Amino acid sequence: MTGTTSTLDRRMQWTGIGFVAPTVLVIAAILVYPILQSIVLSFGDSSIDGSEPYRFVGLAHYSQLIHTGRFWNALGVTLTFTAITIPCELLVGIGLALLMNESFRGKGIARLAVLFPWALPTALNALMWRWMYNSDYGLFNALALQSGLADRPINWLGDQTLAMISMSIVAIWKTSSFMALIILAGLQSIPRELYEAGRMDGMSRWQEFRQITLPLLKAPILVALIVRSMDALRTFELPFNLTDGGPVTATESLSLYAYKVIFDFIEFNFGAALVVVQFLVIFAMSLVYIFLLRNRD
Amino acid sequence: MTTARPRIALYTLVVLSAVISFLPIVWLILTSLKTSTGIYAWPPQYLPQPFTLENYINIITNTPELLLYVVNSFIVGIGCTAASLALGGLAGYALSRLRIRGARVMMVAILAVTMFPPVSLLPSLFQTFLELGLLNTYTGLIIAHTGLFLPFTVWMLASYFATLPAEIEEAARMDGMGFFRIFRSIVIPLSWPGFVATGLIVFIFSWNEFPLALVLMTQNSMRTAPVGISLYPGEYAFPWETISTATVIAIIPILVITAIFQKQIVGGLTAGAGK
């Protein structure tokens, strides 16, 4: 009997490896090999079409990076953008989730309203908002001027501080819904009896939220925060289409700067160093979150 | 919640959220239905005066490449969805059911690689695709998107397979069925809701993907909708009547899919993130 089991086990083992192999190959080719090659490229000089042989230059590109103001600016923009958007998305997301957890008529349309911003292509969404922010013909200035809230057009995307806020609003609008969906799923898994028990103890709604709901939502909130923070740290097409990183470089994210270095300035190897640093930033952020998740248990 | 005032507050909040959610797309659709004069008029026209389909007709007759972008997006999206479901289905089944050694480690590794920022893949992918002649080919972008979204597919399908009762497969194995036949004729028919939800989300991901589609399709005629429309404006002028109309056309497929399958998509998203 043990003989047949182990044959079955071995067959299962080999079949399983056969089933997994194509996926592992594709992921290795598209995700793992390129990041490894980027690391190699960042330590050398070469040309994009392979006409010049690779020459090792050590940390030259990294020391150039440290002395490039535009890199520090892009890092600052990316971190600021993340620091503004994530807490706002979390607050709006919790609010939307609590709202969706109530029973009311027209739930289908409300759910579509929550899902729709998530489903939109970020690039086209950025164009849509760029049109609304347009200082001459945009919806926002039309409303602001006609209602008398402003006496001259507001330059939503043309002022350094305002552009960052405008860009953050677009991101918050688009991605709070994702937070809301994850948190809503968490809300729906909380047993009703807990609230009944709370009511017996004479808890107010706020106390219920603080003492029952929030602690049980910690796991889904952390998951949503990880996913969203990683997205915010690599934001690319939003500034690409909304502001092209401007005015000057006020909204130039790390991804956008790296893209310009690689494909506009054709500084292939310096760009590789940039993306490696960006990867390290995201990796560090994930470690922080993983540490937080660990502490939960 | 039986008193009237909280109900009113609740409905006010719901209506307000829905308005904020739909405002940009409604404004865009209204813009696409205005004449060029109407778009740039002062005082602003909130409703098109007159309503016109001029911009849509213009795109069909003068700039059909904008429609070609949508066709390209469909080809890449369907190809990527089919490839992801086929490969990810097999892998997800093996990792959740076939008791491979190291399956857990492999699942975590697959999740970890999704951390790579897409832009960090660009220098190398561009170079490799150039050497292999894969730039500006559907095959190339389909492979790239499949690689990008396979981790998500594997996780979604693996967690779906884990909910199936194991007895049916065991009985089939007693009857001497091979693993591939079990997967094809028992597991797939039982898990089609999982495949549908995963497939829809992967299609939306592929439709919306920007950096790889931007860099791997450099020929105008091969561009996908988000990239083609974004690059359409050119250097100086920004023809909003064309841009708004093309954007509406490129968003409609996504809007329709989301509206019809909202339950499946929400179910899939929350299951995927709950792990």
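Residues numbered from 1 in each chain as written. Chains lettered and ligands numbered in written order. Predicted model: local features only at pLDDT ≥ 70, side-chain atom pairs only at ≥ 80, totals over all residues. Heavy atoms only, no water.

Under an unreviewed UniProt entry, the name given to chain B is Carbohydrate ABC transporter permease, and the organism recorded is Pararhizobium mangrovi. What UniProt records for chain B under Subcellular location (unreviewed entry) is the sentence "Cell membrane". (UniProt positions renumbered as here; feature names shortened; annotations may be inferred.)

Engineer: What's the story with the overall build of chain A in this structure? I'm lost.
Structural biologist: Scanning chain A for helices and strands turns up 13 helices and 2 strands. Compactness check: chain A gives a C-alpha radius of gyration of 25 Å against a globular reference of 19 Å for 297 residues, more than 25% above the reference. Overall, the C-alpha framework of chain A stretches about 85 × 75 × 30 Å when taken along its three principal axes. Going through the 297 residues of chain A one by one, you find that 54% of them count as buried. Of the contacts formed within chain A by residues at least 6 apart in sequence, a portion of 65% connects residues at least 24 apart. Each charge class in chain A was averaged separately, 20 positive and 20 negative side chains, and the resulting centres sit 9 Å apart. (Helix = DSSP H or I, 4+ residues; strand = E, 2+ residues; numbered from the N terminus. Rg over C-alpha atoms; globule rule 2.2 N^0.38 Å. Buried < 20%, exposed > 50% of the residue type's maximum accessible area, 1.4 Å probe, protein only. Contact = heavy atoms within 4.5 Å. Lys, Arg positive; Asp, Glu negative; His and termini not counted. Charge placed at Lys NZ, Arg CZ, Asp CG, Glu CD.)

Engineer: Which parts of the structure should I look at to understand the UniProt feature "transmembrane region" (unreviewed entry) in chain B?
Structural biologist: Residue and element names in this part refer to chain B. Look at the UniProt record and you will see "transmembrane region" (unreviewed entry) annotated at residues 9-30, 66-93, 105-126, 138-161, 182-207 and 242-261. End-to-end, the C-alpha atoms of residues 66-93 are 40 Å apart, and along that stretch the chain is 100% helix and 0% strand. End C-alpha to end C-alpha, residues 138-161 measures 31 Å, and it is 100% helix and 0% strand.

Engineer: Whenever I open this one, unusual backbone geometry confuses me. Can you help?
Structural biologist: Working note: non-glycine residues mostly have negative phi, and peptide bonds are mostly trans. Cis geometry is found at the peptide bond from G246 of chain A to P247 of chain A, where omega equals -5°. Here P247 of chain A shows up in the loop between α11 (237-242) and α12 (254-264). Between Q49 of chain B and the following residue, P50 of chain B, the backbone shows a cis peptide bond with an omega angle of -5°. A positive phi angle is found at I266 of chain A, which is not glycine, with a value near 50°. As for its placement among the helices and strands, I266 of chain A is situated in the loop between α12 and α13 (268-296). According to the relative accessible area criterion, I266 of chain A is exposed, its value standing at 53%.

Engineer: What's the story with the domain arrangement of chain B in this structure? I'm lost.
Structural biologist: For an interface, size is often stated in terms of accessible area lost upon the parts coming together. Residues and elements named next belong to chain B. Domain annotation of chain B identifies domain 1 (1-52) and domain 2 (64-273). Put simply, the middle of domain 1 and the middle of domain 2, counted by C-alpha atoms, are 33 Å apart. Listed as interface residues are 8 residues of domain 1 and, on the opposing side, 9 residues of domain 2. It is L28, S32 and Y40 that lose the most area in domain 1 upon contact with domain 2, and together they represent 55% of the buried surface on that side. Across the domain 1-domain 2 interface, the total number found is 0 salt bridges. Summed over the shared surface of domain 1 and domain 2, the number is 2 residue pairs in polar contact (both at pLDDT 80 or more). The element contributing the most residues to the side of domain 1 that touches domain 2 is helix α1 (residues 4-32), with 5 residues. Looking at the side of domain 1 that touches domain 2, its residues break down into 5 nonpolar, 3 polar and no charged. (Domains from an automatic or database assignment. Buried area = accessible area lost by both parts, 1.4 Å probe. Salt bridge = Lys/Arg side-chain N within 4 Å of Asp/Glu carboxyl O. Polar contact = N/O pair within 3.5 Å; in protein donor to acceptor, adjacent residues only side chain to side chain. Nonpolar A, V, L, I, M, F, W, Y, C, P; charged D, E, K, R; others polar.)

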